[in-house]
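Structural overview for review
Listed here are the chains, written in short residue letters.
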Amino acid sequence: MILTKTWLITGTSTGFGKSLAIYLAQKDDVNLVATARHTDQLGYLDQYDHGQILKQTLDVTNRDGIATAVKATTDKFGSLDVLINNAGLGYFGTFEESDRDAVRYMFDVNVWGLVDMTRAVLPTMRAQKSGIIVNFSSIAGLASFPTLSFYHGTKHAVEGITDSLAQEVADQGIKFMLIEPSGFRTDWAGRSSQKAEPKIAAYKKFADNIEGSATGAHHEPGDPDKAAAIIYDQVTNHAADLPLHLPLGKFASDMAIAKYEKSLAEFKAERDLSISADQPE
């Protein structure tokens, strides 16, 4: 007997979201809710639709729209089992030269959009005593690079929020997985990112970093279709031991390991100094 699960994905017009939607639309055990700001961009799903697909207009910065999408999901399918918080933006620029309004909007999408989506589905999942929430972070949530300071800020926020929330709802049967990809062939470094070219002389040396992000788009090593298959497999076949952190791509794995090995060495080296700050026992 096939046990059908209802998946809701944000940001399915391009990139990881589109790859996931196409992959899931072909599965017999999935009801798919595909969301985008413009559902006319989701026509690629029509060939797979036999009543198990719901398209929903959704801007994750609109809380009323979020509530509508979640209600439409449960009204049509009776449950909401898996939420994929995929919608997100990028921004390339030095810290000093980044446009404040642009990066604030990125926080609204990457952080508050994810927060509001998650808060909207938690009551349903708590009532079911089950659910899985997959939050798209990035290797940028674990390691840092120049010209991405505010993007790093959004992804570090996603990491911390997810880690804490996972502990709060663990006894409710709700699990989390953070996806931490490196470079994949999506629109993230192209259409989905804004850029601020360096104008201050001291930062001109970073111009190639910013320009390279655009010219390298769609030539990255990561395959979003393979990522979709991995995410489905983890959620469907490994729910009992679902990893909280899942770097995707060799660069992501290498950087995550290197970052935490370096940090561990630093923490150990400063051990005596660190504990000297406490009052004597």
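The residue numbering used here restarts from 1 in each chain and proceeds along that chain's sequence as written. Local features are withheld for residues below a pLDDT of 70 in this predicted model, meaning they are given only at 70 or higher, and side-chain atom pairs are given and counted only at 80 or more; totals for whole chains, interfaces and linings count all residues. Hydrogens and waters are ignored; side-chain quantities use all the structure's heavy atoms.

**Concerning the overall build of the chain**
- When helices and strands are counted, the chain shows eight helices and nine strands.
- Here the radius of gyration uses the C-alpha set of atoms, whereas the globule reference equals 2.2 Å times the residue count to the power 0.38. Expected size for 281 residues packed as a compact globule is a radius of gyration near 19 Å; at 20 Å, the chain falls within 12% of this value.
- In terms of principal-axis extent, the alpha carbons of the chain reach across some 60 × 55 × 35 Å.
- We call two residues contacting when some pair of their heavy atoms lies within 4.5 Å. A fraction of 70% describes how many contacts in the chain between residues 6 or more apart in sequence connect residues 24 or more apart.
- As displayed, the chain has an accessible area near 14,500 Å², and 52% of this comes from carbon and sulfur atoms. Each helix is a run of H or I in the DSSP string that is no shorter than four residues. Each strand is a run of E no shorter than two, and both are numbered from the N terminus. Residue exposure ignores everything except the shown protein chains as possible cover, and the areas themselves are Shrake-Rupley values with a 1.4 Å probe.

**Quick look at the pattern of salt bridges**
- For salt bridges, the criterion is a side-chain nitrogen of Lys or Arg within 4 Å of an Asp or Glu carboxyl oxygen. Within this structure, the stated rule accounts for three salt bridges.
- One salt bridge connects Lys55 with Asp46, and the closest N-O pair in it is separated by 2.5 Å.
- The buried label applies to any residue whose accessible area, calculated with a 1.4 Å probe on protein chains only, is under 20% of its type's maximum; exposed applies above 50%, and partly exposed to all values in between. Taking relative accessible area as the criterion, Lys55 reaches 29% and is therefore assigned partly exposed.
- In this structure Asp46 comes out as partly exposed when scored by relative accessible area, which is 45%.
- Between Asp75 and Lys71 there is a salt bridge, with its nearest N and O atoms 2.7 Å apart. Here Asp75 and its partner Lys71 are both found in helix α2 (residues 63–77), four residues apart, which amounts to about one turn of the helix. Taken as a pair, Asp75 and Lys71 share a single burial class, namely exposed.

**Focus: the packing of aromatic side chains**
- Aromatic pairs are defined between Phe, Tyr and Trp rings, using the six-membered ring for Trp, whenever the two ring centres lie within 6.5 Å; interplanar angles under 30 degrees are classed as stacked, those over 60 as edge-to-face, and all others as tilted. Counting across every chain of the model gives five aromatic pairs.
- Through successive ring pairs, a cluster of aromatic residues spans Trp7, Tyr23 and Tyr232.
- When the ring centre of Tyr44 is taken as reference, the NZ or CZ atom of Lys18 above it lies at 4.9 Å. Placement of a positive charge over a ring is assigned whenever Lys NZ or Arg CZ falls within 6 Å of the ring centre and within 35 degrees of the normal to the ring plane.

**Let's talk about the sheet that holds strand β2 (residues 30–36)**
- The pairing criterion for strands is at least two bridges between them, as found by DSSP. Strand order in the open sheet formed by seven strands is β3-β2-β1-β4-β6-β7-β9, and the pairing between neighbours is parallel. One side of each edge strand has no neighbouring strand; the edge strands of this open sheet are β3 (53–57) and β9 (245–248). Geometrically, the sheet is characterised by an average inter-axis angle of 15 degrees between neighbouring strands, direction not taken into account.
- Across four bridges, the pairing between strand β7 (residues 174–181) and β9 is parallel. From the neighbouring strand, Ile179 faces β9, where its bridge partner is Leu246. Axis definition: a line fitted to C-alpha atoms, limited for helices to the stretch in contact. Angles are taken between N-to-C directions and run from 0 to 180 degrees.

**Let's talk about the layout of surface pockets**
- Any residue with an atom within 4 Å of a point lines the site, the site being either a cavity, points on a 1 Å grid over the protein atoms alone where a 1.4 Å probe fits but cannot get out, or a pocket, an open set with protein on both sides within 12 Å along at least 5 of 7 lines. Grid points are joined across faces, edges and corners, and a volume is the space filled by probe spheres set on the points. For the second largest pocket, the calculated volume is near 230 Å³.
- Looking at the second largest pocket, it is lined by 16 residues, and the ones nearest its centre are Lys5, Val82, Ile132, Val235 and Ala239.
- Put simply, the parts of the chain that give the lining of the second largest pocket at least two residues each are β1 (5–9), β6 (131–136) and α6 (224–237).
- Among the elements that make up the lining of the second largest pocket, the one with the highest residue count is α6 (three residues).
- Split into classes, the residues belonging to the lining of the second largest pocket amount to eight nonpolar, four polar and four charged. Side-chain classes follow a simple rule in which Ala, Val, Leu, Ile, Met, Phe, Trp, Tyr, Cys and Pro form the nonpolar group, Asp, Glu, Lys and Arg form the charged group, and the remainder, Gly included, forms the polar group.

**With respect to the environment of Ala102**
- Relative to the assigned elements, Ala102 resides in helix α3 (residues 100–128).
- Of the residues examined, Ala102 reaches a relative accessible area of 12% and is grouped as buried.
- Remark: the alpha-carbon pair of Ala102 and Thr73, spanning 29 residues in sequence, is separated by 31 Å.
- Those residues in contact with Ala102, other than ones at most four positions away along the chain, are Tyr91 and Gln194.

**Here's the deal with the nonpolar core**
- Leu32, Leu45 and Ile84 are the most contacted members of the largest nonpolar core, which totals 30 residues.
- Ignoring sequence-local partners within four residues, the contact set of Ile84 consists of Trp7, Leu8, Ile9, Thr10, Leu20, Val134, Phe136 and Ile231.
- Definition of nonpolar core: a set of buried residues of the types Ala, Val, Leu, Ile, Met, Phe, Trp, Tyr and Cys, connected through side-chain atoms within 4.5 Å. Of all hydrophobic cores here, the second largest spans 22 residues; its members include Leu8, Ile66, Leu80 and Ile133.

**A short note on the environment of Ile275**
- Positionally, Ile275 belongs in helix α8 (residues 271–275).
- Look at Ile275 and you get partly exposed, because its relative accessible area is 41%.
- Through-space distance from the C-alpha of Ile275 to that of Thr162 is 28 Å; in sequence the pair is 113 residues apart.

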